[in-house]
Amino acid sequence: MTDLTKLTLADARDGLVAKKFTSTELTQAFIKAIDAANPHLNAYVLPTPDHALAQAKASDVRLAKGDARPLEGLPIGNKDLFCTKGIRTTACSRILGNFTPTYESTVGQNLWDAGAVMLGKLNNDEFAMGSSNETSCFGPVVNPWRRLRDGKIDNTKLVPGGSSGGSSAAVSANLCLGATATDTGGSIRQPAALTGTVGIKPTYGRCSRWGIVAFASSLDQAGPIAKTVRDSAIMLRHMASPDPKDSTCVDLPVPDYEAELKRGVKGLRVGVPKEYRVDGMAAETDALWQKGIAWLKAAGATIHDISLPHTKYALPAYYIVAPAECSSNLARYDGVRYGLRLPGKDLIDTYEATRAAGFGKEVKRRVLIGTYVLSAGYYDAYYLQAQKVRTLIKRDFDTAWSDVDVVLTPTTPSPAFGFGEKSGDPLAMYLEDIFTVTVNMAGLPGISVPAGLSAEGTPMGLQLIGKPFDEGTLFRAGQVIEDAAGHFPVPTRWWA
Amino acid sequence: MQVDEATVRRIARLARIRITDEEAVSLQGELSGILAWVEQLGEVDTANVPPMTRVADMKLKQRTDVVTDGDKADDIVANAPMTEDHFFVVPKVVE
């Protein structure tokens, strides 16, 4: 029998409906793969095999009756930032301890209502703060990809990107058909780029944020990481929905993104922003970008040079807005209502001891930066100025949309790096998000599609940025890149 | 912006995070570095630019002012580290 874990989500869906295999068989194949891989990759912080098999059994009943829902019986992974009813949810922080939600996130509920099966909770950077998955209280995730040196595999452990590093590693290692993820500054697209997977951050407001542990509320957005553009289109359609429980979630119908894929890019106007050609950009990154331009052109798109003059201010503005909002959001972790509590001599002492023990180093750093920029006398100089710069970043895009339909850039400045290579220097780590963060600041949709391999034999991605709520165009253009570049399966399953 | 140790301690107090002496020293450098880097935003002319308050132009949703949820006291205290009946228990605040 073929290895069912290697199937794409679309092929698995068609195989189940055609009764080539059952959801129970498919789910068991993944449970076995997770058992073998997780001690090496640490992608799952909580596998839930019994839960998965119960869901699979129910799906098999529906499939047998010909009563399949759109994602019936398809096993996926769920980032540990999504609350799961009756199943531990930690955001990979010690401060949440054994927090067991009494409710389900809207995005999760949408997926289960569509018939999907949950294999377990996936690792991420603590509270989604990080670009390498090294800040998780459960330890780092190992990228299934390894570098090649003189044609031989180098055993240096590489990061899978972050914060959705468990999602990206699990998808690329065939430990699920697809995964939920979240993106505040690049946390879906950067890990997708570093693992040869597809990741889309939809427009702010497309997916409900209800039941997702909050980091920076004006930037956070959920989306999928998947093996192919088609799979990501299928998943997003069933993650997104209007939601009365999130006032920022829009009341727009969710299109059938999969139907968009075949439309191609003939006549599509593609913008190439000169400001993304940053100092010190690797030659191979630039070469990949040029390839992407050529592929889209060959498929009938027209290419236009554009300018997004405030690009360089996006990252510093982000590092005011995101910490400010995180310091407010994380104020709720007080040792009183849920999670960890350390006893203190009075209430303030209890707060201080609990938060000192419960938060990791990067989280503390960001809470403190946020507290500083919001403190008396500094609000106008920092937070207000950053929010005004955000308006200018958004206006740059608004101007560009009169000339182009989509913008093409690299996803990251460089491919996957080794453990510890950037974790000692916060600023070096923050630069990982230089190409992705503008998209969050402007609230736009962005997709990363694998497009080639680096000189080290590791994957690299291209990013497409779209107009608000025009995810459909990103899938169309992403499909063209995928068709030209091909797929990037992990070459050696060194952990098996 | 150079952040001194007293400022780091004041901020940590505001954030209700206890820090060690070593952390106070290392955070001084880290926070100074990050704040010096974000200071480049000062060079952007933002006169007459409104702050961004929402990403998409939309009206805030409204709903009928009726009770749609509640009666979940068990759920609400289910994860609390210390409770009594349906109350959260904290150290004494007033004598």
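Residues numbered from 1 in each chain as written. Chains lettered and ligands numbered in written order. Predicted model: local features only at pLDDT ≥ 70, side-chain atom pairs only at ≥ 80, totals over all residues.

Trainee: Explain the overall build of chain B to me, please; I cannot follow it from the model alone.
Mentor: Within chain B, the regular secondary structure consists of three helices and two strands. Taken from N to C terminus, the helices and strands of chain B fall in the order α-α-α-β-β. Against the globule reference of 12 Å for 95 residues, chain B gives a C-alpha radius of gyration of 23 Å, more extended than a compact globule. The principal-axis extent of the C-alpha atoms belonging to chain B is close to 50 × 45 × 25 Å. Per-residue burial for chain B yields a buried fraction of 16% across its 95 residues. (Helix = DSSP H or I, 4+ residues; strand = E, 2+ residues; numbered from the N terminus. Rg over C-alpha atoms; globule rule 2.2 N^0.38 Å. Buried ≥ 20, exposed ≤ 12 C-beta atoms within 10 Å, placed from the backbone.)

Trainee: Explanation requested: the overall build of chain A in the structure shown.
Mentor: Within chain A one finds 16 helices and 13 strands. A globule of 496 residues ought to have a C-alpha radius of gyration of about 23 Å, and chain A, at 21 Å, matches this closely. Along the three orthogonal principal directions, the C-alpha set of chain A runs to about 65 × 55 × 50 Å. Relative to its 496 residues, chain A shows a buried fraction of 61%.

Trainee: Would you mind showing me how to read the interface of chain A and chain B here?
Mentor: A common way to express how large an interface is: the accessible area buried when the components associate. Counting residues at the interface gives 53 residues for chain A and 39 residues for chain B. The leading source of residues in the side of chain A that touches chain B is helix α13 (residues 380-400) of chain A, at 10 residues. (Contact = placed C-beta atoms within 7 Å.)

Trainee: Help me understand helix α3 (residues 49-64) of chain A in this model?
Mentor: Because an α-helix completes one turn every 3.6 residues, residues spaced three or four positions apart along the sequence face the same direction. All names here are of chain A. With 16 residues, α3 ought to run about 22 Å at 1.5 Å a step, and its terminal C-alpha atoms sit 22 Å apart, in line with that. The complete set of buried residues in α3 reads A52, Q55, A56, S59 and L63. Taken down its axis, α3 places every buried residue within 105° of arc, on the same side. In this structure, α3 carries D50, V61 and A64 as exposed residues pointing more than 90 degrees from its buried face. Immediately downstream of α3, the backbone of G66 shows phi near 70°, a positive value. (Expected span 1.5 Å × (residues − 1). Arc of directions from axis to C-beta.)

Trainee: Which parts of the structure should I look at to understand the environment of Q28(A)?
Mentor: You can see Q28(A) is positioned in helix α2 (residues 23-41). The partly exposed category is assigned to Q28(A), around which 17 C-beta atoms lie within 10 Å.

Trainee: What is the right way to look at the pairing of strand β2 (residues 75-79) of chain A in this model?
Mentor: Regular strands have side chains that alternate between both faces of the sheet. All names here are of chain A. The element β2 is extensively covered by neighbouring structure, given that five of its five residues are classed as buried. Here β2 shows no split at all, with P75, G77 and K79 on one side and I76 and N78 on the other all buried. Sheet topology places β2 next to strand β3 (residues 117-122); five bridges connect them, and they run parallel. From the neighbouring strand, G77 faces β3, where its bridge partner is G120. Regarding topology, helix α4 (residues 106-113) serves as the crossover connection from β2 to the parallel β3, and that connection is right-handed. (Pairing = 2+ DSSP bridges. Right-handed = clockwise from strand over helix to strand, strands pointing away.)

Trainee: For this particular structure, what's the right way to read the environment of K394(A)?
Mentor: Checked against the element boundaries, K394(A) lands in helix α13. If we ignore the near neighbours within four places in the chain, the residues touching K394(A) are A442(A) and M52(B).

Trainee: Looking at this structure, how should I read the confidence of the model for chain B?
Mentor: Detailed reading of the predicted coordinates is not advisable wherever pLDDT falls low. A residue-level look at chain B finds 98% of positions with pLDDT of 70 or above and a mean pLDDT of 92. Taken together, the chains of this predicted complex give a pTM of 0.97 and an interface ipTM of 0.95. (pLDDT = per-residue confidence, 0-100.)

Trainee: What exactly am I supposed to notice about unusual backbone geometry here?
Mentor: Most peptide bonds are trans, and most residues other than glycine sit at a negative phi. All names here are of chain A. Across the junction of G162 and S163, the peptide omega takes the value 10°, indicating a cis bond. As for its placement among the helices and strands, S163 is situated in the loop between β5 (152-153) and α5 (165-172). A positive phi angle, near 60°, is found at F469, a position not held by glycine. Residue classification places F469 among the partly exposed positions, given that 18 C-beta atoms sit within 10 Å.

Trainee: Quick question: what am I supposed to make of the packing of helix α10 (residues 314-329) of chain A against helix α12 (residues 361-374) of chain A here?
Mentor: Working note: a packed helix pair is described by the angle between its axes plus the distance between those axes. Residues and elements named next belong to chain A. Across the interface, α10 lies against α12 with an axial gap of 7 Å and an inter-helix angle of 100°. By the criterion of interaxial angle, the relationship of α10 to α12 is roughly perpendicular. On the side of α10, the interface is formed by I320, P323, A324, C326 and S327, while α12 contributes R366, V367, I369, G370, T371, V373 and L374. Here the residues of the contact of α10 with α12 are counted per class, giving eight nonpolar, three polar and one charged. (Axes fitted to C-alpha atoms, helices over the stretch in contact; angles between N-to-C directions. Parallel < 35°, antiparallel > 145°, perpendicular 65-115°, else oblique. Nonpolar A, V, L, I, M, F, W, Y, C, P; charged D, E, K, R; others polar.)

Trainee: Just checking my understanding: could you explain the environment of E362(A) for this structure?
Mentor: Residue and element names in this part refer to chain A. Within the secondary structure, E362 sits in helix α12. Considered as a pair, E362 and D125 are 237 residues apart in the sequence and their alpha carbons are 9.6 Å apart. Beyond its immediate stretch of four places on either side in the chain, E362 contacts E126, M129, G130 and T135.

Trainee: Honestly, the pairing of strand β12 (residues 446-453) of chain A in this entry has me stumped. Any pointers?
Mentor: Residue and element names in this part refer to chain A. Here β12 lies mainly inside the structure; six of its eight residues are buried. Note that strand β7 (residues 198-201) and β12 share three bridges and pair antiparallel. Its bridge partner lying in β12, K201 is registered against G446. Bridge analysis of β12 against strand β13 (residues 459-466) gives seven bridges, and the strand direction is antiparallel. Counted as the bridge partner of S448 is Q463 from β13. Hairpin connection from β12 to β13: five residues lie between these consecutive antiparallel strands, with G457 at a positive phi of about 80°.

Trainee: Looking at this structure, how should I read the nonpolar core?
Mentor: Most often, soluble globular proteins have nonpolar side chains that are buried together. Grouped together as the largest cluster of nonpolar side chains are 155 residues, with contacts concentrated most on I76(A), A170(A) and I320(A). In terms of residues, this core owes the most to one element, α10(A), which gives 10 residues. In this structure I320(A) touches V373(A), Y382(A), Y383(A), A386(A) and V38(B), once residues within four positions along its chain are discounted. (Core = buried A, V, L, I, M, F, W, Y, C linked by C-beta atoms within 7 Å.)

Trainee: Any chance you could explain helix α1 (residues 5-14) of chain B here in plain terms?
Mentor: Where α1(B) is concerned, the buried positions are V8(B), I11(B) and A12(B). The buried side chains of α1(B) occupy one side of the element, clustering within an arc of 100° when seen end-on. The elements touched by buried residues of α1(B) are α12 of chain A together with α2 (21-38) of chain B. Positive backbone phi, approximately 55°, marks R16(B), located one or two places after α1(B).

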